[in-house]
Amino acid sequence: MSNNEFGKAMDKHQDKDVKQDDKTATKDSAEPSKKESSSKRRRRPVKPEGFKEFETLAKGIIEADGSSYYEWLHEQHQDIILNFNVSNQKQITNVAKKGE
């Protein structure tokens, strides 16, 4: 095999490797974007700036009155749930009345 023929054979072999590397690079570059978009969907809520300071202050105020911060917080949660259910109950009643 002459030097020139050997060079051509090597070039063809290298071209195949480059094309395969391009395919791999394309797959690799596509995967992180999938991971990024899925991680955006699963993002955990972030506490607002200054949340901890306000929580500490509220806790101090409530406990200074002799009440439990956690009892108060629990009552707030219950109010939200009860109000939400009452709002939905009114909507359900209205839909049921329209259906009659």
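Everything below is about the structure shown above.
Procedures and definitions
- Residues numbered from 1 in each chain as written.
- Predicted model: local features only at pLDDT ≥ 70, side-chain atom pairs only at ≥ 80, totals over all residues.
- Heavy atoms only, no water.
- Helix = DSSP H or I, 4+ residues; strand = E, 2+ residues; numbered from the N terminus.
- Buried < 20%, exposed > 50% of the residue type's maximum accessible area, 1.4 Å probe, protein only.
- Areas by Shrake-Rupley, 256 points an atom, 1.4 Å probe, with all protein chains shown as cover.
- Phe/Tyr/Trp six-rings, centres within 6.5 Å; stacked < 30°, edge-to-face > 60°.
- Salt bridge = Lys/Arg side-chain N within 4 Å of Asp/Glu carboxyl O.
- Polar contact = N/O pair within 3.5 Å; in protein donor to acceptor, adjacent residues only side chain to side chain.
- Contact = heavy atoms within 4.5 Å.
- Axes fitted to C-alpha atoms, helices over the stretch in contact; angles between N-to-C directions.
- Parallel < 35°, antiparallel > 145°, perpendicular 65-115°, else oblique.

Concerning the overall build of the protein
Of the regular secondary structure elements, the protein holds three helices and zero strands. Tracing the protein from N to C terminus, the helices and strands come up as α-α-α. Across the 100 residues that make up the protein, the buried fraction comes to 2%. Taken as a whole, the protein presents about 9700 Å² of accessible surface, with 55% of it coming from carbon and sulfur.

Details of the packing of aromatic side chains
Using the criterion set out here, one finds two aromatic pairs in the structure. On the numbers, 5.2 Å between centres and 80° between planes, the contact of Tyr 69 with Tyr 70 is edge-to-face. Counting every residue linked through ring pairs, the aromatic cluster contains Tyr 69, Tyr 70 and Trp 72.

Considerations on the pattern of salt bridges
Inspection of the entire model under this criterion finds one salt bridge. A salt bridge links Glu 55 to Lys 52; the nearest nitrogen and oxygen atoms lie 3.6 Å apart. You can see Glu 55 and its partner Lys 52 sitting in helix α2 (residues 51–64), three residues apart, about one turn around the helix.

A look at the environment of Ser 68
Within the fold, Ser 68 resides in the loop between α2 and α3 (69–99). Residue Ser 68 is classed as partly exposed on the basis of its relative accessible area, which comes to 34%. Reaching out from Ser 68, the side chain makes a polar contact with the backbone nitrogen of Tyr 70 at a distance of 3.3 Å.

Side note on the environment of Ile 62
Along the chain, Ile 62 falls in helix α2. Judged by relative accessible area, which is 13%, Ile 62 ranks as buried. Between the C-alpha atoms of Ile 62 and Trp 72, which are 10 residues apart in sequence, the distance is 8.0 Å. The contact partners of Ile 62, leaving out residues within four places of it in the chain, are Ser 67, Ser 68, Tyr 69 and Trp 72.

A short note on the packing of α2 against α3
Helix packing geometry: the angle between the two helix axes and the distance between the axes. Between α2 and α3, whose axes approach to 9 Å, the crossing angle comes to 105°. In this view, α2 runs roughly perpendicular relative to α3, as classed from their interaxial angle. Within the contact between the two elements, α2 uses Glu 55, Ala 58, Lys 59, Ile 62 and Glu 63 and α3 uses Tyr 69, Tyr 70 and Trp 72.

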